Amino acid sequence: MSTNLLPSVDSPGAVSRNRTSTFAPRRTPSQRPSIYSPRATSRRLAMAPRGHHLTEVALLASASGCLAAAGAGEREGWLDDPAVVALLGPRARDLAVASAARSVLAIIPIAGAGGGGITVKPALGPDEGRISAVEWVPLDVGVAEGEEGVALAVGTDAGWLLFYTLAGDLLHKQSIYPAKILKLNFSERKENAWEDSGSDELSVIFPGVIARCDGADLQIMLQKSFQEVKPRMWKDKFEQEDADDESSFERMPLQIWNVSKFGSCADAAIVGLMPPPLLELQSSQRHYCAIAVGEDAVVSAYRLSEDRGRSLVGAILSRGVAATFSTISSLSKILWRSEPSPTKKPRPKPQSFAKTSPLTCLKDSPRKGERLTLSPSGTLAAITDSLGRILLLDTRALVAVRLWKGYRDASCLFVEMLLNKDRASSSSTHLEYTKSDYCLCLAIHAPRKGIIEVWQMRTGPRILAIPCPKGSRILQPSTRFSSSLFSSYTPLEVYLFNGDSGQLSVLNRHIG
């Protein structure tokens, strides 16, 4: 199998089989297409004043107890530390900030300007690692006010996954795989209700490994745990011997795949369902497409196969074997009165890998893939690399459709903008915009340049460039909670958080 099948930027429909060192053939500046260089399509827009395109949402005091516990105010530019994870909750109601060095998770409500937040210090043993990833997940427990409508998933660098309520109560704890959790990603798959676009899912990314939990299974587990947590709230916390022991929780069913065929990955994502291979049309398996980026291969793609029947049987067998082993162990202690076993319990053995089929990859040494960001539908992926380039990938056709240069240490987020406010208003009633009124764009935060740029997808021009202060980070609510048919569409928005001043602003959706 050839390992260089990604088409070049210059011929989006073609397949490059011989090139191994560059994304596109070298050309003189006069020969390069307009999409090759950002400056060629920017129309040389003047830098827009920051106040014209950003609206302040809240001013979170950097000296507040919760943020200070995560490192705020300790030094200038504390938010630039890669060990600090910041994540906005649904509808930007809460902000979660985690510090790996301090092993602290701070949950700050946005409405109260940071007041009333809580600090969670997960009780992690020396073998359970430190916080390395955080993600918001829906928690459907029927609370009208919505305060308990979300939970926080916390991953560690030793492969443990924990879930917490907004009150800081532990809902679940489970060992997934003995490696660092690079990223947690909860995806909503409700945009194409007439298609089998898959269900909601929580994916856990490791170096060379992807784990997936179905959204329905996750909700059942969290709802059950939430009902069990309520009675424990009335007990003395010192009497709870931490329900931190994994054996006190029911194991969450999931599937694990090995995606290290082309080398260990630095980031990855499941982009959606894909058709089965030939001769497997009648199979009971479901197939997903996964995109990975890393050191050996800048971009690689895999087909992940899931056998629903085998997963169910495996879950039943694993529970039966565990219960049988526990019973035998208890009987042996009673009969032989053996000495008490050590308090430290062995780590559960990770489950076996499901079937993985490599599809293609792009190797371009010394370039290394660093981060990957998906569009709402999963059809586009923005990939940053170690040489300051940003690659826009069509995840369905596995085609590179655009390339930007000169963006070292950049971060990207997809955003939906109203490019023509007057025309959008005329096509909507009572200023309730529909999805068709918005245009998908890519927001690029270039910290070395001190700017945020917004580019129209897929091959449109740069429509906005605004300055941003040092020590800032662009954020986006991880889940949007799909709106009903009778409510206005909730677009993707991008927020700018200045860690030094505590200012949280939102990028205005109206342009032009």
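Note: the structure precedes this text.
Residues numbered from 1 in each chain as written. Predicted model: local features only at pLDDT ≥ 70, side-chain atom pairs only at ≥ 80, totals over all residues. Heavy atoms only, no water.

(A) View of the overall build of the protein chain. Scanning the protein chain for helices and strands turns up 6 helices and 28 strands. Put simply, the protein chain has 512 residues, and 51% of those count as buried. Intrachain contacts of the protein chain at a sequence separation of at least 6 include 61% that bridge at least 24 residues. When the accessible surface of the protein chain is summed, it comes to about 25,000 Å², and 54% of that surface belongs to carbon and sulfur atoms. (Helix = DSSP H or I, 4+ residues; strand = E, 2+ residues; numbered from the N terminus. Buried < 20%, exposed > 50% of the residue type's maximum accessible area, 1.4 Å probe, protein only. Contact = heavy atoms within 4.5 Å. Areas by Shrake-Rupley, 256 points an atom, 1.4 Å probe, with all protein chains shown as cover.)

(B) Summary view of the pattern of salt bridges. With the rule as written, the count across this model stands at 13 salt bridges. We note a salt bridge from Lys224 to Glu250, for which the minimum N-O separation is 3.1 Å. Of the two residues, Lys224 is situated in helix H4 (residues 215-232) and Glu250 in the loop between H4 and strand E13 (255-258); the sequence distance between them amounts to 26 residues. Between Arg367 and Asp385 there is a salt bridge, with the nearest N and O atoms lying 3.2 Å from each other. With a gap of 18 residues between them, Arg367 in the loop between strand E17 (356-362) and strand E18 (369-374) and Asp385 in strand E19 (residues 380-385) connect regions that are remote in the sequence. For the pair Arg367 and Asp385, a shared accessibility class is recorded, and that class is buried. Salt bridges sharing partners connect three or more residues here, namely Glu201, Arg212, Asp214 and Glu306. (Salt bridge = Lys/Arg side-chain N within 4 Å of Asp/Glu carboxyl O.)

(C) Highlighting the sheet that holds strand E21 (residues 399-404). Strand order across the open sheet formed by 4 strands is E18-E19-E20-E21, with antiparallel pairing between neighbours. Only two strands of the sheet have a single neighbouring strand rather than two, namely E18 and E21. Between one strand axis and the next, the sheet turns through 25 degrees on average, direction left out of account. Where E19 meets strand E20 (residues 390-394), 5 bridges bridge the pair, whose relative direction is antiparallel. Residue pairing across strands places Ala381 opposite Leu393, the latter belonging to E20. (Pairing = 2+ DSSP bridges. Axes fitted to C-alpha atoms, helices over the stretch in contact; angles between N-to-C directions.)

(D) Looking closely at empty space enclosed by the protein. Considering all chains together, one arrives at 3 cavities of 30 Å³ or more under this definition. For the largest cavity, the calculated volume is near 50 Å³. For the largest cavity, the lining is made up of 13 residues, of which Phe262, Gly263, Ser264, Ala297 and Ser300 are closest to its centre. Taken together, the elements giving at least two residues each to the lining of the largest cavity come down to strand E15 (285-294) and strand E16 (299-307). (1 Å grid on protein atoms, 1.4 Å probe; cavity = no way out; pocket = protein on both sides within 12 Å on 5 of 7 lines; lining within 4 Å. Points joined across faces, edges and corners; volume = space filled by probe spheres on them.)

(E) Looking closely at the sheet that holds strand E12 (residues 209-214). In spatial order, the strands read E10-E11-E12-E13; together these 4 strands make up an open sheet with antiparallel pairing. Strands at the two margins of the open sheet, each flanked by one partner only, are strand E10 (183-187) and E13. When strand polarity is set aside, the average angle formed by the axes of neighbouring strands in this sheet is 20 degrees. As paired strands, E12 and E13 are joined by 4 bridges and run antiparallel to one another. Its bridge partner being in E13, Arg212 is matched across the sheet by Gln255.

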